[in-house]
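The primary structure of each chain is shown beneath.
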Amino acid sequence: MPEFHAPPISPLAIAFDAEKLTLSPEGPTLTRRMSDLEGLFLDAEAWSTASAGENPVVYTVVSSPVPEVDRELPQSITTIMPGDTSGELWMTKGHQHPNHQGEIYLALKGRGGLLMFDGERTEWLDMLPGTIGYIPPGWAHRSVNTGDEPYSFLAVYPGGAGHDYGWVLEHGMGSRAYRSPEGVELRPYAG
Ligand SMILES: [Fe+2]
């Protein structure tokens, strides 16, 4: 299995294929199934049933070999499958950077959204291919598939920023994204 390169990193060219959604050379790939998203969907019973049953892949993250260490600038491509759990659109777990630093997402394929929460304010960005979503330091962030095909985006982020998933379990995300005739409806987080 591919791994992150060990620092110090030498300059390198990374082939980015926005159609095949690959980075080459490649680093590790992360697969998140429904069972990995405990405590995140409002309908815990529907989540539990789906986890215990088919336990579908909700999203995958492929990385370049640039490691997640301070001062490096890793990249990854996330693909979220289309679907919803009791109407709540499939999404990433969402995280806060414990070491507050910014990040950019570039939408590649499909339709999605970028939900951000700073503990008080919620922001939503529609993400269509070509959109760069900017995540300022201190804003927790979650991506959502609002369409009916896989939604993919490229992330570029400070390697030392870290991923605090517990922050979202503790504070929520301010809003939840539900399927609607218009694609997405934001509702108060509740629970
Ligand atoms: Fe991040």
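Here is a short report on the structure shown in this document. This is a predicted model, so every value here is computed, not measured. (Residues numbered from 1 in each chain as written. Predicted model: local features only at pLDDT ≥ 70, side-chain atom pairs only at ≥ 80, totals over all residues.)

## Some words on the environment of A190
At step 1: Tracing the chain through its elements places A190 in the segment after strand 15 (185-188).
At step 2: The spacing of A190 and M173 is 17 residues in sequence and 9.8 Å in space, taken between C-alpha atoms. (Helix = DSSP H or I, 4+ residues; strand = E, 2+ residues; numbered from the N terminus.)

## Let's talk about the pairing of strand 5 (residues 75-80)
At step 1: Pairing analysis gives five bridges linking strand 4 (residues 57-63) to strand 5, with the strands arranged antiparallel. Looking at strand 5, one finds that Y59 is bridged to I80.
At step 2: Where strand 5 and strand 13 (residues 151-156) come together, six bridges link them in antiparallel fashion. Paired with S76 across the bridge in strand 13 is A155. (Pairing = 2+ DSSP bridges.)

## Some points on the nonpolar core
At step 1: Ranked by internal contacts, the top residues of the largest apolar core, which has 29 residues, are L115 and M116.
At step 2: Among the elements of the structure, helix 1 (44-52), strand 4, strand 8 (103-109), strand 9 (112-117), strand 12 (140-145) and strand 13 are those that each provide at least two residues to this core.
At step 3: With four residues, strand 9 is the single largest residue contributor to this core.
At step 4: The contact partners of L115, leaving out residues within four places of it in the chain, are W124, R142, V144, M173, S175 and A177. (Core = buried A, V, L, I, M, F, W, Y, C linked by C-beta atoms within 7 Å. Buried ≥ 20, exposed ≤ 12 C-beta atoms within 10 Å, placed from the backbone. Contact = placed C-beta atoms within 7 Å.)

## Observations regarding the sheet that holds strand 9
At step 1: Spatially, the three strands line up as an open sheet ordered 10-9-12, and their pairing is antiparallel. Edge positions in the sheet fall to strand 10 (122-127) and strand 12, since each has one partner strand and no second. Mean inter-strand twist for the sheet, computed between neighbouring axes without regard to direction, equals 20°.
At step 2: Pairing geometry for strand 9 and strand 12, over six bridges, is antiparallel. (Axes fitted to C-alpha atoms, helices over the stretch in contact; angles between N-to-C directions.)

## Things to note about the environment of R111
At step 1: Take R111: it is sitting in the loop between strand 8 and strand 9.
At step 2: Expressed as a C-alpha distance, the spacing of R111 and V144, which sit 33 residues apart in the sequence, is 8.7 Å.
At step 3: Look past the residues within four positions of R111 in its chain and what remains in contact with it is L128, T146, G147, Y151 and G183.

## Remarks on the sheet that holds strand 4
At step 1: An order of 3-4-5-13-8-11 is seen for the six strands of this open sheet, with the pairing classed as antiparallel. Two strands in the sheet have a free side with no partner beyond their single neighbour: strand 3 (29-33) and strand 11 (132-135). The sheet shows a mean angle of 20° between the axes of neighbouring strands, direction not considered.
At step 2: Note that strand 8 and strand 11 share four bridges and pair antiparallel. The residue of strand 11 that forms the bridge with L106 is I132.

## Here's the deal with unusual backbone geometry
At step 1: For the bond running from P7 to P8, omega is 0°, close enough to zero to count as cis.
At step 2: Take P8: it is sitting in the segment before strand 1 (15-17).
At step 3: Within the chain, S86 stands out as a residue other than glycine whose phi angle is a positive 55°.

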